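Inside the fold
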Amino acid sequence: RSFSSEKDIHKDYAVPNPTWSEDLRLLYEQFMKKCEDGSWERLPSYRQHPAGGCSDFQARHLDPSAMKELTSRARLFTRSFEDGLGFEYVMFCNDAEKRVVCILQGGPHLQGMPGLFHGGAILTIIDATAGMCAKRIGKVVLTANLNVNFKRPIPLCSVVVLNAQLEKAEGRKFFVSCTVHSGDGRTLHTEAT
Ligand SMILES: CCCCC/C=C\C/C=C\C/C=C\C/C=C\CCCC(=O)SCCNC(=O)CCNC(=O)[C@H](O)C(C)(C)COP(=O)(O)OP(=O)(O)OC[C@H]1O[C@@H](n2cnc3c(N)ncnc32)[C@H](O)[C@@H]1OP(=O)(O)O
């Protein structure tokens, strides 16, 4: 299926699809309920960054002439897999508490050790969730440093919940902590800052 269709580029992927497990659906419904009083907000998620979303950032870091061709083919890494095979996730933010929660079902193409989630895939979703937590305040942010402790392996295709919390802001520096727990909250898999 072509990814570059106009419809696909504007498609919000942070919604249920047939590959979702019952566990992920239940978590989604729980958080959608929390959004009813406005304290939490579901964050839409697209395969491509909104045009001009970070033009000053691009001007500073990228060669404008190469930009157009480059970004026209680009996909957000976490949204570049076929449904169900990579990262099936939805982020919710609570700006008053400076928190972002990400509910995630990892697909079979994220395998590292047999039957386990690849450590780099865990880093990726932590980077995106903690990055989004900083971005809610900093608008355009880049990860300067990411430290992770892998406490327990994450079974492939399981559902986990990431909790990112802004700990401190010093000028343009944001310090965020992020944990990864099993869907039932009983197992702490990963801790990061
Ligand atoms: C979710 C965030 C998205 C951001 C994009 C925005 C909009 C796009 C729309 C939607 C986005 C959706 C999804 C994006 C998904 C994932 C992205 C996740 C984020 C990433 O995946 S992004 C890629 C990886 N990331 C890099 O590719 C950065 C390479 N790097 C640099 O570009 C520079 O390194 C930079 C800019 C970091 C700093 O450089 P600089 O020149 O601006 O600042 P400078 O060096 O002067 O340091 C200033 C003060 O920061 C302190 N400081 C510096 N480095 C530090 C470190 N490592 N540890 C501790 N403190 C550090 C210094 O100690 C000093 O502190 P003090 O002022 O107190 O002395």
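By convention here, each chain's residues receive numbers from 1 onward along its written sequence. Where totals are concerned, whole chains, interfaces and linings use all residues; where local detail is concerned, this predicted model gives features only for residues with pLDDT of at least 70, and gives and counts side-chain atom pairs only at 80 or more. Computation of side-chain values covers all heavy atoms of the structure but excludes hydrogens and water.

- Per an unreviewed UniProt entry, the protein chain is named Acyl-coenzyme A thioesterase THEM4, and its organism is Jaculus jaculus.
- On record in UniProt, under Sequence similarities (unreviewed entry), the comment for the protein chain is "Belongs to the THEM4/THEM5 thioesterase family." UniProt positions are given in the numbering used here, feature names are shortened, and annotations may be inferred rather than shown by experiment.

Description of the overall build of the protein chain
- Every helix listed is a DSSP run of H or I at least four residues long, and every strand listed is a run of E at least two residues long, numbered separately from the N terminus. Helices and strands together make up the secondary structure of the protein chain, namely 5 helices and 7 strands.
- For the protein chain, the N- to C-terminal ordering of α and β elements is α-α-β-α-α-β-β-α-β-β-β-β.
- Taken against the 2.2 N^0.38 rule, which gives 16 Å for 193 residues, the C-alpha radius of gyration of the protein chain at 17 Å falls within 12% of a compact globule.
- Expressed along its principal axes, the backbone C-alpha trace of the protein chain runs to roughly 50 × 45 × 40 Å.
- For the exposure calls, accessible area comes from a 1.4 Å probe over protein chains only, and a residue counts as buried if that area is under 20% of its type's maximum, exposed if over 50%, partly exposed in between. Residue burial in the protein chain is summarised as follows: out of 193 residues, 35% are buried.
- For accessible areas, the Shrake-Rupley method is used with a probe of radius 1.4 Å. Any residue's cover is judged against the shown protein chains and nothing else. Carbon together with sulfur atoms contributes 56% to the accessible area of the protein chain, which is approximately 11,000 Å² in total.
- Between the centroid of the 24 positive side chains of the protein chain and the centroid of its 22 negative side chains there is a distance of 3 Å. As defined in this context, the radius of gyration uses C-alpha atoms, and a globule is described by 2.2 Å times the residue total to the power 0.38. The sign given to each residue is positive for Lys and Arg and negative for Asp and Glu; His and the chain ends receive no count. A charged residue contributes its charge at one atom only: NZ of Lys, CZ of Arg, CG of Asp or CD of Glu.

A word on the packing of aromatic side chains
- We call Phe, Tyr and Trp rings a pair once their centres come within 6.5 Å, taking the six-membered ring for Trp, and we label the pair stacked below 30 degrees between planes, edge-to-face above 60, and tilted otherwise. Taken as a whole and assessed by the stated rule, the structure comprises 7 aromatic pairs.
- For the pair F77 and F81, a centre-to-centre distance of 6.1 Å together with 45° between the ring planes defines the contact as tilted.
- F77 sits in the partly exposed class, given a relative accessible area of 47%.
- Arranged with centres 5.7 Å apart and planes meeting at 75°, the rings of F81 and F87 form a pair that is edge-to-face.
- Cluster of aromatic residues (ring-pair linked, three or more members): W20, Y28, F31, W40 and F92.
- A ring has a charge above it when a Lys NZ or an Arg CZ is no more than 6 Å from the ring centre and no more than 35 degrees off the ring normal. The ring of Y89 carries the charged tip of R79 above its face, separated from the ring centre by 3.6 Å.
- The lysine or arginine in question, K168, covers the ring of F175, its NZ or CZ lying 4.5 Å from the ring centre.

Quick word on the UniProt feature "domain: Thioesterase" (unreviewed entry) in the protein chain
- When the UniProt feature table is mapped onto this chain numbering, "domain: Thioesterase" (unreviewed entry) sits at residues 115-187.
- Its end C-alpha atoms 17 Å apart, residues 115-187 is made of 27% helix and 34% strand.

Focus on the nonpolar core
- Grouping buried Ala, Val, Leu, Ile, Met, Phe, Trp, Tyr and Cys residues that are joined through side-chain atoms within 4.5 Å yields what is termed a nonpolar core. Counting 27 residues, the largest nonpolar core has L104 and L162 as the members making the most contacts within it.
- Within the residue set of this core, elements represented by two or more residues are strand 2 (87-94), strand 3 (99-106), helix 5 (119-138), strand 5 (159-170) and strand 6 (173-182).
- Per-element accounting of this core gives the leading share, 7 residues, to helix 5.
- Residues contacting L104, with those up to four places away along its chain left out, are L24, F87, E88, Y89, F117, I125, S158, V159, V160 and L162.
- Counting residues in each nonpolar core, the second largest holds 14 residues, with W40, V101, I103 and V161 among its members. Only heavy atoms matter for contacts: two residues are in contact if any of them lie within 4.5 Å across the pair.

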